[in-house]
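# A look at the structure
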Amino acid sequence: METSLPLTIDRTIALPLHLQLAEQFRAAVLDGRLQAGHRLPSTRDLARQLSVSRAVTQAAYDQLHAEGWIEGRTGAGTFVTDVVPLQPAVRRRTPHPEDPDKRLLTLRPGIPYIAPTPDPGWRRAWREVSTQAPPRGYDDAAGLPALRTALAEHVGRVRGIACGPENVLVTSGTVHGLRLLLTATSQPGDRIAIEDPGYLNAVIAAQDHRLEIVDVPVDEDGLRVDALTDDVEAVYVTPSHQYPLGFRLPVARRNELVRWARRTGALLIEDDYDSEFRYDVAPLPALAQLDLDRVVHLGTLSKMLSPALRLGWMVASEPMIDRLTAFRADAGDWPAWPMQAALLAMLRDGYLDQIVRRGRRLYADRRTHTCAVLAPYGEIIGQDAGLHITLLLPNHTDDQALAAQARAAGVVIAPLSEYRRTTPGPPGLVIGYATPTTPDLHHALTILTNVLSRR
């Protein structure tokens, strides 16, 4: 028996007529008004009932047939299918609350000041990119050749590393470079030494690669080489501005570390953290300039321009770069051409050097103010470089509770214990002074000193 369809046409809405019919048909099946086996009117009869063209009803039936809701039986007509497609699950979207940190002042380390409007150098770089046609096909897995040449000149000039473009690989930042290196060169169970306290993302990367992490203590001269064991395959180190304590690895300790690596065959992974911003002397030469066969150097734009750019570089021996390039060519994982082209324009234009000079002046003033405000509340270390200082507190202090109190008062700050793993040490606060505007920095420090006064 032919079933009367509960269908209507609304010519005032934008949805095409055949899709209106298909939608109403599905609803009738799902709520039980139409059931498996019900015979449907012909497209001609349905068109006459609804005062539409037969093309409309035919298109609706074609859509429903393709989705499996109806089937045609030769000589008998069109029927609702015996097996009705499963109704799609209703996904209830949970509204994501706004990140509460966005409403707070932040003194967390590692994020530079970013002006609310782009400056002329930034705009020039992107105008230059916009005049270029993109590469035909895939670009070089190691990075744009011209950019690698420019980066080799840059790290030679500002970091003292004698290298050529064959020693440079363009990355998406320090952590990306580290993960690429670990993926291509390590095996699960290999041992890697990491500073403690140290960079948590490096620890996470090593854990993700199932490496055994050896915590190495840090003193006022950085990573303690005498605490290294000869059975580790790699060492992750921040010699320019130890993260988070802020110490630098002096020349004698650097020489000791390289001699140890030559003797044991271990790979030294140099995170060139905060090397651009020194306020006492010129930046120290990179560890990699001592031995590019034993050291892999990781640099990034995140502190000069913005972490959001996801752009950096690796400097290593030519065999290591060739090995990583071959691996990455298979993985298809390298920075997009427009970003690389923009960085090349910034290097050629001198814009990167300009940003660093401007940043040194800005951050030096902020560092001086931050140290002056916080000096009465503890011992300040790491103030000679970088974008943060560390405030050491009395041993009985709960730095995580202090951070929670500061957050409740409107300021996000990092407790030093957040960076420790197994090596004991005093509590403290790691205080970044780069991110806020100058008035916001002053306000945030006022809030923080109120919290410290109540401890």
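Everything here concerns the structure above.
Residues numbered from 1 in each chain as written. Predicted model: local features only at pLDDT ≥ 70, side-chain atom pairs only at ≥ 80, totals over all residues. Heavy atoms only, no water.

### Topic: the overall build of the chain
Helix and strand counts for the chain stand at 13 helices and 17 strands. Its C-alpha radius of gyration of 31 Å places the chain more than 25% over the 23 Å reference for a compact globule of 455 residues. If you line up the chain on its principal axes, its C-alpha atoms span 95 × 55 × 50 Å. Here the chain holds 455 residues, and 50% of them are scored as buried. In the structure as shown, the chain presents an accessible area of about 21,600 Å², 52% of it carried by carbon and sulfur atoms. When the 49 basic and 53 acidic side-chain charges of the chain are each reduced to a single mean position, those positions are 6 Å apart. (Helix = DSSP H or I, 4+ residues; strand = E, 2+ residues; numbered from the N terminus. Rg over C-alpha atoms; globule rule 2.2 N^0.38 Å. Buried < 20%, exposed > 50% of the residue type's maximum accessible area, 1.4 Å probe, protein only. Areas by Shrake-Rupley, 256 points an atom, 1.4 Å probe, with all protein chains shown as cover. Lys, Arg positive; Asp, Glu negative; His and termini not counted. Charge placed at Lys NZ, Arg CZ, Asp CG, Glu CD.)

### Comments concerning the pairing of strand 14 (residues 388-392)
Burial of strand 14 is extensive: five of the five residues sit out of reach of the surface. Note: strand 13 (residues 379-381) against strand 14, three bridges, orientation antiparallel. Counted as the bridge partner of Ile380 is Leu391 from strand 14. The loop that links strand 13 with its antiparallel partner strand 14 comprises six residues; one of these, Gly382, has a positive phi angle of about 75°. Inspection of the sheet shows strand 14 paired to strand 17 (residues 428-432) by five bridges, in the antiparallel sense. By the bridge assignment for strand 17, His388 is matched with Gly432. (Pairing = 2+ DSSP bridges.)

### Re the sheet that holds strand 5 (residues 168-171)
Spatially, 5-12-11-10-9-6-7-8 is the arrangement adopted by the eight strands of the open sheet, whose pairing is mixed. Both edges of this open sheet fall to strand 5 and strand 8 (222-223), since each of them pairs with a single strand only. Note that strand 10 (residues 267-271) and strand 11 (residues 295-300) share four bridges and pair parallel. In the strand pairing of strand 11, Ile269 is matched with Val296.

### Some details on helix 13 (residues 438-453)
In a regular helix each residue adds 1.5 Å, so 16 residues correspond to 22 Å; helix 13 covers 23 Å between its end C-alpha atoms and thus fits that length. Looking only at helix 13, the buried set comprises Leu441, Ala444, Leu445, Ile447, Leu448, Thr449, Val451 and Leu452. Elements that come into contact with the buried residues of helix 13 comprise strand 4 (105-106), helix 11 (351-374), strand 14, helix 12 (399-409), strand 15 (411-412) and strand 17. (Expected span 1.5 Å × (residues − 1). Contact = heavy atoms within 4.5 Å.)

### Section: the pairing of strand 10
The element strand 10 is largely enclosed, with a buried count of five among its five residues. Every second residue of strand 10 is oriented toward a common face, with Leu267, Ile269 and Asp271 on one face and Leu268 and Glu270 on the other, all of them buried. Of the strand pairs in this sheet, strand 9 (residues 234-237) and strand 10 are connected by four bridges, and their pairing is parallel. Paired with Val235 across the bridge in strand 10 is Leu268. As a crossover connection, the stretch from strand 9 through helix 8 (residues 251-264) into strand 10 is right-handed. (Right-handed = clockwise from strand over helix to strand, strands pointing away.)

### Concerning unusual backbone geometry
The amide bond that connects Asp196 to the next residue, Pro197, takes the cis arrangement and shows omega of 5°. Its location among the elements puts Pro197 in the loop between strand 6 (191-196) and helix 7 (200-208). A cis amide bond, omega 15°, links Tyr243 with the succeeding residue Pro244. Tracing the sequence through the fold places Pro244 in the loop between strand 9 and helix 8. In the Ramachandran plot, Arg210 falls in the positive-phi region, its phi being about 60° despite a non-glycine side chain. Structurally, the position occupied by Arg210 is in the loop between helix 7 and strand 7 (212-219). The class of Arg210 is exposed, set by a relative accessible area of 59%.

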